[in-house]
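# Commentary on secondary and tertiary structure
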Amino acid sequence: MIIFCDFDRTFYFEHDMARTEANLVAVQKWKSAGNQFCIATGRSWGSFNHQCHKLAQLCDYMILDGGSLIYDSEGMIYNIFAFSSEVLDEIEETTSKVSYVFRTLYFTPDYEGFEPQAENVTKIRLWLKELAEAEEVSKMFEGLPLFVFICRSSGNLRHQELDGFTCFVELIPKDSGKAKAIEMLALKEGLAPKEIIVVGDSGNDYDAIERYDGYMIADSDLARDGSPFKVVESLADLINNTI
């Protein structure tokens, strides 16, 4: 069996390291029983590996940038879903019309920064001060072949110039996403749907959880608002009750 697990607020809890450690111990137990484990996160490789190097070493695969980039257990790129040059041009043209987009952050497999990139762009993040601004900007991309997610900043920023910015709009290619990446890896590993467990906490986990009858973390916003999915207290509880 294999677990595909979101990272922030599903595996990793910045303000509750005891909970994070319990999840890590559970993943070690899961792997020792002969199962596979894959992280599926919106984070980039640098951000994920920096935050939890121990977990990266346990992963059979890592689905990063919201599903647009997949690494194998050796840290080698397995697959890239990148924006076409035409879509990149349309994104840049759209954002140039909005004065309150403070900075645009570009992600490729080997780059994370503010300079526009011409190829292998797997994710774009638009930083804003207010949630209302993020909601307005997200509507401007309707009709373009991409997924749009509105996220709140954790406040733990690696770029000092972004201090004080509370939210961002994240863009990934339309043919990517966590559900698509899981489908690709399931086909590679010859896994039936019943051998796949998906667990997450937020909107970008929704499609994957729905497709594979997965779980939502109990204290997530979606679960508290009445999630239609099965609910589990924690990743550690899910693993301990499954083995």
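A short tour of the structure in this document, coming up.

## Focus on the nonpolar core
When a protein is soluble and globular, its nonpolar side chains tend to lie buried together. Among the nonpolar cores identified, the biggest contains 29 residues, and Ile3, Phe11, Phe37, Ile39, Phe48, Leu55 and Leu235 are the most heavily contacted of them. If you list the elements that add at least two residues to this core, you get β1 (2–5), α1 (17–32), β2 (36–40), α3 (53–58), β3 (61–64), β4 (69–72), β11 (196–200) and α9 (235–242). In this view, Leu55 contacts Phe7, Phe11, Leu24, Val27, Phe37, Ile39 and Phe48; residues no more than four positions away in its chain are not counted. In terms of nonpolar packing, the next biggest core, distinct from the first, is built from 20 residues, Ala40, Ala181, Leu185 and Leu191 among them.

## Looking at the sheet that holds strand β13 (residues 230–232)
The eight strands lie next to each other as β5-β4-β3-β2-β1-β11-β12-β13, forming an open sheet whose pairing is mixed. Each of the sheet's edge strands pairs with one partner strand only, and the pair in question is β5 (77–80) and β13. Neighbour-to-neighbour, the strand axes of this sheet turn through a mean angle of 20 degrees, independent of strand direction. Inspection of the sheet shows β1 paired to β11 by four bridges, in the parallel sense.

## Examining the state of the cysteines
In total, this model carries zero disulfides according to the counting rule given. The thiol sulfur of Cys5 is not disulfide-bonded, and the nearest other cysteine sulfur, from Cys59, lies at 9.0 Å. For Cys5, a relative accessible area of 0% translates into the label buried.

## So, a negative patch on the surface
Together, Glu86, Asp89, Glu90 and Glu93 make up a negatively charged patch on the protein surface. Within the element layout of this structure, Glu93 appears in helix α4 (residues 85–95).

## Focus on the pattern of salt bridges
A complete count under the given rule lists 12 salt bridges for this structure. A salt bridge links Lys123 to Glu170, with the shortest nitrogen-to-oxygen separation between them at 3.7 Å. Placement of the pair is Lys123 in strand β8 (residues 123–128) and Glu170 in strand β10 (residues 167–173), with a sequence separation of 47 residues. We note that Lys123, like Glu170, is buried. In this structure, Arg211 engages Glu183 in a salt bridge whose closest nitrogen and oxygen atoms are separated by 2.9 Å. Pair noted here: Arg211 is in helix α7 (residues 206–211) and Glu183 is in helix α6 (residues 178–189), with a separation of 28 residues, a long-range link. Of the residues examined, Glu183 reaches a relative accessible area of 35% and is grouped as partly exposed. Connected through salt bridges with shared partners, the residues Asp65, Lys123, Arg125 and Glu170 form a single ionic network.

Conventions used here
Residues numbered from 1 in each chain as written. Predicted model: local features only at pLDDT ≥ 70, side-chain atom pairs only at ≥ 80, totals over all residues. Heavy atoms only, no water. Core = buried A, V, L, I, M, F, W, Y, C linked by side-chain atoms within 4.5 Å. Buried < 20%, exposed > 50% of the residue type's maximum accessible area, 1.4 Å probe, protein only. Helix = DSSP H or I, 4+ residues; strand = E, 2+ residues; numbered from the N terminus. Contact = heavy atoms within 4.5 Å. Pairing = 2+ DSSP bridges. Axes fitted to C-alpha atoms, helices over the stretch in contact; angles between N-to-C directions. Disulfide = S-S within 2.5 Å. Patch = residues over 30% accessible without salt bridge, like charges linked within 9 Å, V, L, I, M, F, W, Y side chains within 5 Å. Areas by Shrake-Rupley, 256 points an atom, 1.4 Å probe, with all protein chains shown as cover. Salt bridge = Lys/Arg side-chain N within 4 Å of Asp/Glu carboxyl O. Lys, Arg positive; Asp, Glu negative; His and termini not counted. Charge placed at Lys NZ, Arg CZ, Asp CG, Glu CD.

Read these as layout, nothing more, since geometry by itself doesn't imply function.
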